Amino acid sequence: MTTDLGTPRVLPSDEAERAVLLAAPRGYCAGVDRAVVTVEKALDLYGAPVYVRKQIVHNKHVVAGLEARGAIFVEELEEVPPGATVVFSAHGVSPEVHRQAEERDLKTIDATCPLVTKVHHEAKRFAGDDYDILLIGHAGHEEVEGTAGEAPEHIQLVEGPADVARIVVRDPAKVAWLSQTTLSVDETLETVAAIRERFPLLLDPPSDDICYATQNRQLAVKEISRDSDLVIVVGSGNSSNSVRLVEVALEAGAGSAYRVDDASEIEEAWLDGVRTVSVTSGASVPESLVQEVLAFLGERGYPDARAVHSAEESLIFALPKELRRDLKAAGRS
Ligand code: SF4
């Protein structure tokens, strides 16, 4: 369904001005790809079942596909039988979860995205220097729980500018901030500005915590939203970066924007009077789901999609070291 150049086809007159724009980049990031491949290879190597703590990535189709192959998703480690193999999700876990795994004698494979691990290291370093750390993120998100668990005595959560007035620190000259990797870039800058107004000596993280994939997908959706009557974001409701894409699309000028898990959730009424539809997907979304959305639009008289490129991506992460070691030992690396 997707073409860059596309051979124009003859459309009925009422369809002639329609267009479909497709954001690039979109979909799988390097951290999600690594996490999904980790579970697949673990199933191949050790055989089913392989336990996974929490959703490996926040996409219900990905989780269902891995369940069908023998992965068992659990909320907490007490649901995993002693001695079994468990994979930690891309969102990361706190040191307490590693301790519990050791106590239960579990074989662990840590699929935490290296860019989340980087934020954990920053938290440990700031805490080691005895800073109060303001972690910008969403309460209850697994990534936030994992990062906060690195230094619970030093970290407090800030969800947005409205929280800044209630922050209490020990020393206003020793305050640093960190963030969840999948936030809105613009909103986070606003929150940091509000924090800095209260604490002018605020220390920044050494590099951006909002990851390259989140930033690129937001940039790409901004690019296509300006000219769109409707933006469809493919992604699950618990996927922070997918939900942010809807918000960014609306802020960038889209007439309307909706998130869907797949094409079956698109409502026909959304297309009323719509000429330009743009499509993108969150970092945990397989491309097949996007292609199904394009097929849905095609069946309703929309032309082939035109890809709009706003960034190139080539990052690949190596598989977790525990898995690489076992693959090598089995002669499968
Ligand atoms: S969205 Fe960013 S931090 Fe999260 S898994 Fe992907 S690359 Fe890693």
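What you see is a predicted model, and the numbers here were worked out from it, not measured in a lab. (Residues numbered from 1 in each chain as written. Predicted model: local features only at pLDDT ≥ 70, side-chain atom pairs only at ≥ 80, totals over all residues. Heavy atoms only, no water.)

> Explain the site of the ligand to me, and be specific about the residues and the numbers.
Close contacts around the ligand come from C29, G31, V32, C113, L115, V116, T181, T182, C211 and Y212, and that covers them all. Mapping the ligand onto the cavity grids shows that it belongs to the largest cavity. Looking at the shell around the ligand, the elements that each hand over two or more residues are α1 (30-46) and α4 (114-128). (Near = heavy atom within 4 Å. 1 Å grid on protein atoms, 1.4 Å probe; cavity = no way out; pocket = protein on both sides within 12 Å on 5 of 7 lines; lining within 4 Å. Sits in = over half its atoms within 2 Å of the grid points. Helix = DSSP H or I, 4+ residues; strand = E, 2+ residues; numbered from the N terminus.)

> Provide a residue-level description of unusual backbone geometry, including the pertinent values.
Trans is the common state for peptide bonds, and a negative phi is the common state for residues other than glycine. Following A24, the chain continues to P25 via a peptide bond in cis, the omega torsion being 5°. Residue P49 is bonded to the preceding A48 through a cis peptide linkage, with omega at -5°. If you trace the backbone, P49 turns up in the loop between α1 and β3 (50-53). In this structure, K54 is a non-glycine residue whose phi angle is positive, near 70°.

> Could you give an account of the layout of surface pockets, naming the residues involved and the relevant values?
Here the largest pocket is characterised by a volume of approximately 340 Å³. Lining the largest pocket are 16 residues, and of these H98, D110, T112, T117 and K321 sit closest to its centre. Contributions of two or more residues to the lining of the largest pocket are made by α3 (95-103), α4 and α10 (321-329). The element contributing the most residues to the lining of the largest pocket is α4, with five residues. (Points joined across faces, edges and corners; volume = space filled by probe spheres on them.)

> An account of the environment of S310 is requested, with residue identities and associated values reported.
Among the secondary structure elements, S310 is positioned in the loop between β13 (305-309) and α10. Measuring from C-alpha to C-alpha, the distance between S310 and E223 comes to 7.4 Å, with 87 residues separating the pair along the chain. Contact partners of S310, with chain neighbours within four places excluded, come to A24, P25, N216, L219, A220 and E223. (Contact = heavy atoms within 4.5 Å.)

> An account of the environment of I136 is needed here, citing residue identities and associated values.
Residue position: I136 is located in strand β7 (residues 132-136). Spatially, the C-alpha atoms of I136 and S284 are 21 Å apart, while their sequence positions differ by 148 residues. Each residue touching I136, except ones within four places of it in the same chain, is listed here: V158, W177, L178, S179, Q180, L183, T188, T191, V192 and I195.

> Residue-level account of the packing of aromatic side chains, with values.
According to the stated counting rule, one finds two aromatic pairs in the structure shown. Ring geometry for F126 and Y131: centres 6.0 Å apart, planes at 50°, overall tilted. Of the residues examined, Y131 reaches a relative accessible area of 17% and is grouped as buried. Between Y258 and W270, the aromatic rings sit 3.8 Å apart at their centres with planes inclined by 0°, giving stacked as the arrangement. Within this pair, whereas Y258 is found in strand β11 (residues 256-260), its partner W270 is found in the loop between β11 and β12 (276-281), the two being separated by twelve residues in sequence. A relative accessible area of 13% places W270 in the buried class. Just above the ring of Y302 sits the side chain of R18; from NZ or CZ to the centre is 4.3 Å. Stacked on the ring of F296, the Lys or Arg R300 has its end atom at 3.6 Å from the ring centre. (Phe/Tyr/Trp six-rings, centres within 6.5 Å; stacked < 30°, edge-to-face > 60°. Buried < 20%, exposed > 50% of the residue type's maximum accessible area, 1.4 Å probe, protein only. Lys NZ or Arg CZ within 6 Å of the ring centre and 35° of its normal.)

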